[in-house]
Amino acid sequence: MTVLTLENLKKMEVISQDAYNIGEVLDVRYDASNWAAEGLKVKCTKDVSNIIGAGSSKSMIIVKPPMFQMHDVILIPDTVEDARPYIHADSDALEVVSNLEGKKVYTCDQQIVGTIEVVNIDTAAWAIHSFVVRLDKSAHDLLGIKKGLGFMTKSVSGLTVGHVSTVSENVSLTLTIDQVRDVVTIV
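Residues numbered from 1 in each chain as written. Predicted model: local features only at pLDDT ≥ 70, side-chain atom pairs only at ≥ 80, totals over all residues. Heavy atoms only, no water.

A. How the structure looks around the overall build of the protein chain. The number of helices and strands found in the protein chain is five helices and 16 strands. Oriented by its inertia axes, the alpha-carbon framework of the protein chain measures out at about 55 × 30 × 25 Å. Residue burial in the protein chain is summarised as follows: out of 187 residues, 43% are buried. Just so you have it, the protein chain exposes about 9,500 Å², and 49% of that area is on carbon and sulfur atoms. Each charge sign in the protein chain was given a centre, from 17 positive and 24 negative side chains, and these centres are 8 Å apart. (Helix = DSSP H or I, 4+ residues; strand = E, 2+ residues; numbered from the N terminus. Buried < 20%, exposed > 50% of the residue type's maximum accessible area, 1.4 Å probe, protein only. Areas by Shrake-Rupley, 256 points an atom, 1.4 Å probe, with all protein chains shown as cover. Lys, Arg positive; Asp, Glu negative; His and termini not counted. Charge placed at Lys NZ, Arg CZ, Asp CG, Glu CD.)

This is the structure in structure tokens:
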């Protein structure tokens, strides 16, 4: 499993096999029903926008092809012309990963854990995998975690999408605060 954060992906250039700069990654679109990453939201360059008929420099989704090669840039295995079947104008029909960042996380027994700080994306499976949560001050005691210096709030990892019950204004977990204590680690 290869895990990257949205911040790792943002601003990466997407390049086609025929060396066109398709654009810059802005976000990742995902299906909220199964956490599958459906594509990269990319700000398209004018040249490519003209080739694929998407208007002038519109944001787009590049639906995941069989494989991206990821280095300092994201390489797609096709020419721009051959990639047309999986390059679509962005319709805002799917959620973006950046909307998860900053959401408060609550346990099923209504205890606040903290705020999502980082979303981890499994780029081998192309799915959202887990979260890093900045702990709320009250969660330190509930989780048995000693507070750091007054200005240092700790973060924890270990909460996966499998622990999520619902996502709305907040993220609700299927776990109680005691169960959260058993699965998280300080980062």
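B. The arrangement of the pattern of salt bridges in detail. Taken as a whole and judged by the stated rule, the model has seven salt bridges. Note that glutamate 7 is salt-bridged to lysine 10, the shortest N-O span being 3.6 Å. Residue glutamate 7 is classed as exposed on the basis of its relative accessible area of 52%. Overall, the relative accessible area of 28% leaves lysine 10 in the partly exposed class. A salt bridge links aspartate 90 to arginine 29; the nearest nitrogen and oxygen atoms lie 2.8 Å apart. A residue pair is termed long-range when its members are at least 10 positions apart, and aspartate 90 in the loop between strand 8 (87-89) and strand 9 (95-96) and arginine 29 in strand 3 (residues 21-30) qualify at 61 residues. Of the two residues, aspartate 90 and arginine 29, both sit in the buried class. (Salt bridge = Lys/Arg side-chain N within 4 Å of Asp/Glu carboxyl O.)

C. Spatial organisation of the packing of aromatic side chains. Per the stated rule, a full pass over the model turns up three aromatic pairs. Where tyrosine 30 meets tryptophan 35, the ring centres are 5.7 Å apart and the plane angle is 0°; that geometry is what we call stacked. Like tryptophan 35, tyrosine 30 is buried. Between phenylalanine 68 and tryptophan 126 the ring centres are 5.4 Å apart and the planes differ by 80°, which places this aromatic pair in the edge-to-face class. With a gap of 58 residues between them, phenylalanine 68 in the loop between strand 5 (59-63) and strand 6 (69-70) and tryptophan 126 in the loop between strand 11 (112-122) and strand 12 (127-135) connect regions that are remote in the sequence. Overall, phenylalanine 68 belongs to the buried group, its relative accessible area being 10%. Among the aromatic side chains, those forming a connected cluster through ring pairs are Tyr30, Trp35 and Phe131. (Phe/Tyr/Trp six-rings, centres within 6.5 Å; stacked < 30°, edge-to-face > 60°.)

D. Structural context of the nonpolar core. Membership of the largest hydrophobic core comes to 49 residues, with the highest contact counts inside it found for Val14, Leu40, Ile128 and Phe131. Excluding residues that lie within four positions of it along the chain, leucine 40 makes contacts with Val14, Val25, Asp27, Val28, Met60, Ile61, Ile62, Phe68, Ile74 and Trp126. (Core = buried A, V, L, I, M, F, W, Y, C linked by side-chain atoms within 4.5 Å. Contact = heavy atoms within 4.5 Å.)

E. Local environment of the pairing of strand 14 (residues 164-167). One ladder, built from three bridges, connects strand 14 with strand 15 (residues 171-173); its direction is antiparallel. In the strand pairing of strand 15, threonine 166 is matched with serine 172. (Pairing = 2+ DSSP bridges.)

On their own, these measurements won't tell you what the molecule is for.
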